[in-house]
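Take a look at the letters that make up each chain.
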Amino acid sequence: MANNERRQEIETFYRQTAPIFLKWSPDPKRIGLYAMHIGYQQDWGEPLDNSISALQMSRRIIELSEIKSGQVILDAGCGVGTLAFEIKHIEPKAGVYGIDISRNHIHLASQYEDRDDSFCPIFSIQDYEHLAFRSGTFDRIIFCESFIHSQDKTGLIQESSRILKSKGIITIADIFMHPHTLTKEEVDIIAELKTHMHIPNITHIQELVALLLANGFSCINPRNITENVVSPVDYHDSSPNGQSLDAESSHQDIETLLAGLQRLLRKGKAGYYILTAQKNKTNTT
Ligand SMILES: C[S@@+](CC[C@H](N)C(=O)[O-])C[C@H]1O[C@@H](n2cnc3c(N)ncnc32)[C@H](O)[C@@H]1O
(Lines give C-alpha, C1' and ligand atoms only; values in the text may rest on other atoms or scores of the structure.)
Protein backbone atom coordinates (compact mmCIF):
# COMPACT_ATOMS: atom_id res chain seq x y z
CA MET A 1 0.00 0.00 0.00
CA ALA A 2 1.30 3.47 -0.86
CA ASN A 3 2.69 5.42 2.07
CA ASN A 4 0.19 8.22 1.67
CA GLU A 5 -2.76 5.86 1.69
CA ARG A 6 -1.47 4.17 4.83
CA ARG A 7 -0.90 7.51 6.55
CA GLN A 8 -4.45 8.54 5.74
CA GLU A 9 -5.90 5.30 7.09
CA ILE A 10 -3.94 5.60 10.34
CA GLU A 11 -4.89 9.26 10.69
CA THR A 12 -8.56 8.50 10.12
CA PHE A 13 -8.55 5.68 12.67
CA TYR A 14 -6.94 7.86 15.34
CA ARG A 15 -9.14 10.85 14.53
CA GLN A 16 -12.23 8.71 15.02
CA THR A 17 -10.98 7.16 18.25
CA ALA A 18 -9.59 10.41 19.74
CA PRO A 19 -12.73 11.23 21.80
CA ILE A 20 -12.64 7.75 23.32
CA PHE A 21 -8.94 7.96 24.30
CA LEU A 22 -9.51 11.47 25.64
CA LYS A 23 -12.33 10.15 27.80
CA TRP A 24 -10.37 7.11 28.97
CA SER A 25 -6.91 8.51 29.67
CA PRO A 26 -6.79 12.31 29.70
CA ASP A 27 -3.36 13.74 30.45
CA PRO A 28 -3.79 14.99 34.03
CA LYS A 29 -1.37 17.89 33.38
CA ARG A 30 -2.30 19.05 29.87
CA ILE A 31 -5.88 19.73 28.87
CA GLY A 32 -6.86 18.13 25.57
CA LEU A 33 -4.03 15.59 25.49
CA TYR A 34 -4.42 11.87 26.23
CA ALA A 35 -2.43 8.66 26.44
CA MET A 36 -3.04 6.01 23.79
CA HIS A 37 -1.32 3.20 25.62
CA ILE A 38 -2.32 0.58 28.12
CA GLY A 39 -1.89 1.21 31.86
CA TYR A 40 0.63 -0.29 34.26
CA GLN A 41 -0.08 -1.31 37.83
CA GLN A 42 2.74 -2.67 39.97
CA ASP A 43 0.61 -4.02 42.83
CA TRP A 44 -2.94 -5.24 42.63
CA GLY A 45 -4.50 -3.27 45.46
CA GLU A 46 -7.11 -0.66 44.61
CA PRO A 47 -7.39 -0.40 40.81
CA LEU A 48 -5.75 2.78 39.57
CA ASP A 49 -7.60 5.37 37.55
CA ASN A 50 -6.84 4.99 33.79
CA SER A 51 -4.88 8.24 33.56
CA ILE A 52 -2.74 7.28 36.53
CA SER A 53 -2.03 3.76 35.27
CA ALA A 54 -1.16 5.18 31.81
CA LEU A 55 1.26 7.56 33.54
CA GLN A 56 2.72 4.63 35.48
CA MET A 57 3.34 2.86 32.17
CA SER A 58 5.21 5.91 30.85
CA ARG A 59 7.31 5.96 34.01
CA ARG A 60 8.08 2.23 33.81
CA ILE A 61 9.20 2.65 30.19
CA ILE A 62 11.39 5.62 31.16
CA GLU A 63 12.92 3.65 34.04
CA LEU A 64 13.70 0.59 31.92
CA SER A 65 15.14 2.78 29.15
CA GLU A 66 17.72 4.09 31.66
CA ILE A 67 17.28 7.67 30.55
CA LYS A 68 19.87 10.07 31.92
CA SER A 69 20.40 13.79 31.99
CA GLY A 70 21.87 15.21 28.78
CA GLN A 71 20.84 12.30 26.58
CA VAL A 72 19.00 12.74 23.29
CA ILE A 73 15.79 10.72 23.14
CA LEU A 74 13.37 9.93 20.31
CA ASP A 75 9.76 8.96 21.05
CA ALA A 76 8.87 7.28 17.75
CA GLY A 77 5.12 7.24 17.12
CA CYS A 78 4.66 9.64 20.03
CA GLY A 79 0.93 10.21 19.56
CA VAL A 80 0.06 13.47 21.29
CA GLY A 81 3.29 13.28 23.27
CA THR A 82 2.29 12.03 26.72
CA LEU A 83 5.42 9.86 27.10
CA ALA A 84 7.70 12.54 25.60
CA PHE A 85 6.34 15.15 28.04
CA GLU A 86 6.91 12.78 30.95
CA ILE A 87 10.52 12.12 29.89
CA LYS A 88 11.11 15.88 29.82
CA HIS A 89 9.45 16.19 33.22
CA ILE A 90 11.67 13.51 34.77
CA GLU A 91 14.87 14.50 32.94
CA PRO A 92 14.55 18.20 32.05
CA LYS A 93 18.09 18.23 30.68
CA ALA A 94 17.43 15.47 28.16
CA GLY A 95 16.83 16.53 24.56
CA VAL A 96 13.46 14.97 23.77
CA TYR A 97 12.03 14.61 20.27
CA GLY A 98 8.61 13.22 19.40
CA ILE A 99 7.63 12.20 15.90
CA ASP A 100 4.38 10.81 14.57
CA ILE A 101 2.87 10.13 11.17
CA SER A 102 -0.53 11.55 12.22
CA ARG A 103 -0.66 15.28 11.61
CA ASN A 104 -3.46 15.75 14.11
CA HIS A 105 -1.40 14.19 16.92
CA ILE A 106 1.58 16.46 16.26
CA HIS A 107 -0.72 19.45 15.95
CA LEU A 108 -2.21 18.70 19.40
CA ALA A 109 1.18 18.04 21.03
CA SER A 110 2.74 21.16 19.50
CA GLN A 111 0.15 23.40 21.14
CA TYR A 112 2.15 22.98 24.33
CA GLU A 113 5.47 23.91 22.70
CA ASP A 114 4.74 27.63 22.98
CA ARG A 115 3.35 27.49 26.51
CA ASP A 116 6.34 26.00 28.28
CA ASP A 117 9.15 25.56 25.83
CA SER A 118 11.87 24.70 28.32
CA PHE A 119 9.90 21.63 29.39
CA CYS A 120 8.58 20.75 25.99
CA PRO A 121 9.86 18.13 23.61
CA ILE A 122 10.36 19.05 19.97
CA PHE A 123 7.63 17.52 17.82
CA SER A 124 7.53 16.85 14.08
CA ILE A 125 5.47 14.91 11.59
CA GLN A 126 7.57 12.01 10.35
CA ASP A 127 7.27 8.40 9.32
CA TYR A 128 9.42 6.32 11.63
CA GLU A 129 10.40 4.07 8.76
CA HIS A 130 12.11 7.02 7.00
CA LEU A 131 13.38 9.42 9.64
CA ALA A 132 14.82 12.82 8.82
CA PHE A 133 17.50 12.66 11.51
CA ARG A 134 21.23 12.23 10.95
CA SER A 135 22.83 8.88 11.69
CA GLY A 136 24.04 8.48 15.26
CA THR A 137 21.88 11.28 16.71
CA PHE A 138 20.08 9.53 19.57
CA ASP A 139 20.99 7.80 22.83
CA ARG A 140 17.53 6.25 23.07
CA ILE A 141 14.68 5.43 20.69
CA ILE A 142 11.38 4.41 22.24
CA PHE A 143 8.35 2.85 20.57
CA CYS A 144 5.33 2.89 22.86
CA GLU A 145 2.61 0.84 21.16
CA SER A 146 3.63 2.25 17.79
CA PHE A 147 5.92 -0.58 16.61
CA ILE A 148 2.85 -2.75 15.98
CA HIS A 149 1.77 -0.49 13.10
CA SER A 150 5.00 -1.00 11.16
CA GLN A 151 4.74 -2.68 7.79
CA ASP A 152 8.45 -3.38 7.55
CA LYS A 153 9.81 -4.50 10.92
CA THR A 154 13.30 -5.25 9.51
CA GLY A 155 13.49 -1.83 7.88
CA LEU A 156 12.29 -0.21 11.10
CA ILE A 157 14.96 -1.92 13.23
CA GLN A 158 17.62 -0.91 10.68
CA GLU A 159 16.38 2.69 10.64
CA SER A 160 16.37 2.71 14.46
CA SER A 161 19.94 1.40 14.47
CA ARG A 162 20.98 4.08 11.98
CA ILE A 163 19.80 6.99 14.10
CA LEU A 164 21.09 5.49 17.38
CA LYS A 165 24.56 6.22 18.68
CA SER A 166 26.70 3.18 19.31
CA LYS A 167 25.67 1.63 22.65
CA GLY A 168 22.34 3.46 22.35
CA ILE A 169 19.22 1.67 23.56
CA ILE A 170 16.01 0.80 21.73
CA THR A 171 12.89 0.29 23.87
CA ILE A 172 9.77 -1.33 22.45
CA ALA A 173 6.59 -1.52 24.55
CA ASP A 174 3.95 -3.52 22.72
CA ILE A 175 1.96 -6.70 22.26
CA PHE A 176 3.78 -9.71 20.81
CA MET A 177 2.52 -13.19 19.95
CA HIS A 178 3.58 -16.38 21.69
CA PRO A 179 4.20 -19.59 19.77
CA HIS A 180 0.90 -21.27 20.68
CA THR A 181 -1.74 -22.73 18.45
CA LEU A 182 -4.65 -20.35 17.95
CA THR A 183 -8.31 -21.25 17.97
CA LYS A 184 -10.54 -20.15 15.11
CA GLU A 185 -11.94 -17.42 17.37
CA GLU A 186 -8.43 -16.12 18.11
CA VAL A 187 -7.50 -16.12 14.44
CA ASP A 188 -10.63 -14.06 13.82
CA ILE A 189 -9.70 -11.61 16.59
CA ILE A 190 -6.31 -11.05 14.98
CA ALA A 191 -7.89 -10.58 11.56
CA GLU A 192 -10.23 -7.94 13.01
CA LEU A 193 -7.37 -6.12 14.72
CA LYS A 194 -5.34 -6.08 11.52
CA THR A 195 -8.21 -4.72 9.46
CA HIS A 196 -9.65 -2.16 11.83
CA MET A 197 -6.60 -0.96 13.78
CA HIS A 198 -4.21 -0.91 10.81
CA ILE A 199 -1.90 -3.52 12.21
CA PRO A 200 -0.07 -5.30 9.36
CA ASN A 201 0.93 -8.21 11.63
CA ILE A 202 1.64 -8.99 15.27
CA THR A 203 5.23 -10.21 15.51
CA HIS A 204 6.22 -13.22 17.60
CA ILE A 205 8.47 -12.15 20.44
CA GLN A 206 11.23 -14.59 19.39
CA GLU A 207 11.15 -13.15 15.87
CA LEU A 208 11.76 -9.70 17.27
CA VAL A 209 14.68 -10.93 19.39
CA ALA A 210 16.16 -12.68 16.33
CA LEU A 211 15.67 -9.56 14.22
CA LEU A 212 17.50 -7.40 16.76
CA LEU A 213 20.36 -9.91 17.03
CA ALA A 214 20.70 -10.04 13.25
CA ASN A 215 20.85 -6.26 13.06
CA GLY A 216 23.62 -5.49 15.51
CA PHE A 217 21.85 -5.34 18.87
CA SER A 218 22.78 -7.20 22.05
CA CYS A 219 21.81 -7.21 25.77
CA ILE A 220 18.28 -7.97 24.53
CA ASN A 221 15.87 -8.07 27.44
CA PRO A 222 12.24 -8.88 26.58
CA ARG A 223 10.29 -8.35 29.80
CA ASN A 224 6.84 -9.90 29.80
CA ILE A 225 4.77 -7.50 31.92
CA THR A 226 1.34 -8.87 30.95
CA GLU A 227 0.41 -9.39 34.60
CA ASN A 228 0.88 -5.70 35.29
CA VAL A 229 -1.03 -4.23 32.38
CA VAL A 230 -4.46 -2.79 32.72
CA SER A 231 -6.54 -1.90 29.71
CA PRO A 232 -9.32 0.72 29.73
CA VAL A 233 -11.75 -2.01 28.68
CA ASP A 234 -11.27 -3.56 32.14
CA TYR A 235 -13.11 -0.56 33.51
CA HIS A 236 -15.82 0.07 30.97
CA ASP A 237 -18.80 -2.12 30.20
CA SER A 238 -19.82 0.12 27.36
CA SER A 239 -18.32 2.92 25.32
CA PRO A 240 -17.80 6.17 27.21
CA ASN A 241 -20.94 8.32 26.97
CA GLY A 242 -22.34 5.68 24.66
CA GLN A 243 -19.91 6.85 21.97
CA SER A 244 -19.17 4.50 19.17
CA LEU A 245 -17.26 5.07 16.00
CA ASP A 246 -18.86 6.53 12.93
CA ALA A 247 -21.46 3.94 12.01
CA GLU A 248 -20.88 4.53 8.34
CA SER A 249 -17.17 3.93 8.52
CA SER A 250 -15.67 0.49 8.26
CA HIS A 251 -14.26 0.82 11.78
CA GLN A 252 -15.56 -1.34 14.58
CA ASP A 253 -16.08 -0.18 18.08
CA ILE A 254 -12.62 0.09 19.59
CA GLU A 255 -13.81 -1.52 22.79
CA THR A 256 -14.64 -4.74 20.97
CA LEU A 257 -11.20 -4.72 19.39
CA LEU A 258 -9.41 -4.07 22.68
CA ALA A 259 -11.51 -6.73 24.41
CA GLY A 260 -10.31 -9.18 21.74
CA LEU A 261 -6.72 -8.20 22.48
CA GLN A 262 -7.35 -8.69 26.20
CA ARG A 263 -8.61 -12.20 25.48
CA LEU A 264 -5.35 -13.06 23.67
CA LEU A 265 -3.36 -11.69 26.61
CA ARG A 266 -5.39 -13.51 29.25
CA LYS A 267 -5.04 -16.83 27.46
CA GLY A 268 -1.28 -16.36 27.09
CA LYS A 269 -1.51 -16.40 23.29
CA ALA A 270 0.12 -13.00 23.29
CA GLY A 271 2.05 -11.01 25.87
CA TYR A 272 2.67 -7.36 26.63
CA TYR A 273 6.40 -6.70 26.62
CA ILE A 274 8.77 -3.89 27.39
CA LEU A 275 11.84 -4.93 25.47
CA THR A 276 15.16 -3.13 25.63
CA ALA A 277 18.24 -3.83 23.52
CA GLN A 278 21.56 -2.11 23.06
CA LYS A 279 23.14 -1.23 19.74
CA ASN A 280 26.57 -2.83 19.48
CA LYS A 281 29.59 -0.58 19.49
CA THR A 282 30.12 0.50 15.90
CA ASN A 283 33.33 -0.82 14.37
CA THR A 284 35.23 2.29 13.32
CA THR A 285 38.32 0.55 11.90
C1 LIG B 1 -1.35 3.40 19.95
S2 LIG B 1 -0.74 4.94 19.43
C3 LIG B 1 0.46 5.25 20.70
C4 LIG B 1 0.81 6.71 20.80
C5 LIG B 1 1.78 7.08 21.91
N6 LIG B 1 3.05 6.38 21.76
C7 LIG B 1 1.19 6.82 23.25
O8 LIG B 1 1.72 5.94 23.95
O9 LIG B 1 0.23 7.48 23.62
C10 LIG B 1 0.27 4.54 18.02
C11 LIG B 1 0.88 5.76 17.34
O12 LIG B 1 1.78 5.34 16.30
C13 LIG B 1 1.67 6.28 15.25
N14 LIG B 1 2.22 5.70 14.02
C15 LIG B 1 1.74 4.65 13.30
N16 LIG B 1 2.50 4.42 12.22
C17 LIG B 1 3.51 5.33 12.26
C18 LIG B 1 4.63 5.61 11.41
N19 LIG B 1 4.85 4.89 10.30
N20 LIG B 1 5.46 6.61 11.75
C21 LIG B 1 5.24 7.35 12.86
N22 LIG B 1 4.19 7.15 13.70
C23 LIG B 1 3.33 6.15 13.40
C24 LIG B 1 0.17 6.57 15.19
O25 LIG B 1 -0.13 7.74 14.48
C26 LIG B 1 -0.14 6.67 16.68
O27 LIG B 1 0.03 7.98 17.16
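Residues numbered from 1 in each chain as written. Predicted model: local features only at pLDDT ≥ 70, side-chain atom pairs only at ≥ 80, totals over all residues. Heavy atoms only, no water.

Trainee: Residue-level account of the sheet that holds strand β9 (residues 270-279), with values.
Mentor: Backbone hydrogen bonds are what pair the strands of a sheet, in a parallel or an antiparallel way. Reading across from one edge, β4-β3-β2-β5-β6-β9-β7 is the order of the seven strands in this open sheet, with mixed pairing throughout. At either end of the open sheet lies a strand with only one pairing partner, and these are β4 (122-125) and β7 (217-224). This sheet shows a mean twist of 15 degrees between the axes of neighbouring strands, independent of strand direction. As defined by bridge partners, strand β6 (residues 164-177) adjoins β9 across nine bridges and the pair is classed as antiparallel. By the bridge assignment, M177 is partnered in β9 with A270. The sheet contacts of helix α8 (residues 254-266) involve β6 and β9, and relative to β9 the element is tilted by about 80 degrees. (Pairing = 2+ DSSP bridges. Helix = DSSP H or I, 4+ residues; strand = E, 2+ residues; numbered from the N terminus. Axes fitted to C-alpha atoms, helices over the stretch in contact; angles between N-to-C directions. Contact = heavy atoms within 4.5 Å.)

Trainee: Any chance you could break down empty space enclosed by the protein for me, citing the residues and the numbers?
Mentor: Rolled over the atoms, a probe sized like a water molecule indicates the empty space that remains. Inspection of the entire model under this criterion finds two cavities of 30 Å³ or more. Of the pockets and cavities examined, the largest cavity occupies roughly 670 Å³. As for the largest cavity, its lining consists of 42 residues, and the residues nearest its centre are Y14, M36, E145, S146 and H149. Of all elements in the fold, only α1 (3-24), α3 (82-90), β6 and α8 reach the threshold of two or more residues within the lining of the largest cavity. Among the elements that line the lining of the largest cavity, the one with the most residues is α1, at six residues. A class-by-class count of the residues in the lining of the largest cavity yields 24 nonpolar, 12 polar and six charged. In this structure, the second largest cavity spans a volume of roughly 120 Å³. Taken together, the elements giving at least two residues each to the lining of the second largest cavity come down to α2 (50-64) and α3. Top contributing element to the lining of the second largest cavity by residue count: α2, with four residues. (1 Å grid on protein atoms, 1.4 Å probe; cavity = no way out; pocket = protein on both sides within 12 Å on 5 of 7 lines; lining within 4 Å. Points joined across faces, edges and corners; volume = space filled by probe spheres on them. Nonpolar A, V, L, I, M, F, W, Y, C, P; charged D, E, K, R; others polar.)

Trainee: Tell me about helix α7 (residues 205-214), and name the residues and values.
Mentor: Within the span of α7, buried status applies to I205, L208, L211 and L212. Along the long axis of α7, the arc covered by the buried residues comes to 120 degrees, so they all point the same way. Of the exposed residues in α7, the ones pointing more than 90 degrees away from its buried face are L213 and A214. Buried residues in α7 make contact with α5 (153-163), β6, β7 and β9. Remark: G216 follows α7 within two positions and exhibits a positive phi of approximately 85 degrees. (Buried < 20%, exposed > 50% of the residue type's maximum accessible area, 1.4 Å probe, protein only. Arc of directions from axis to C-beta.)

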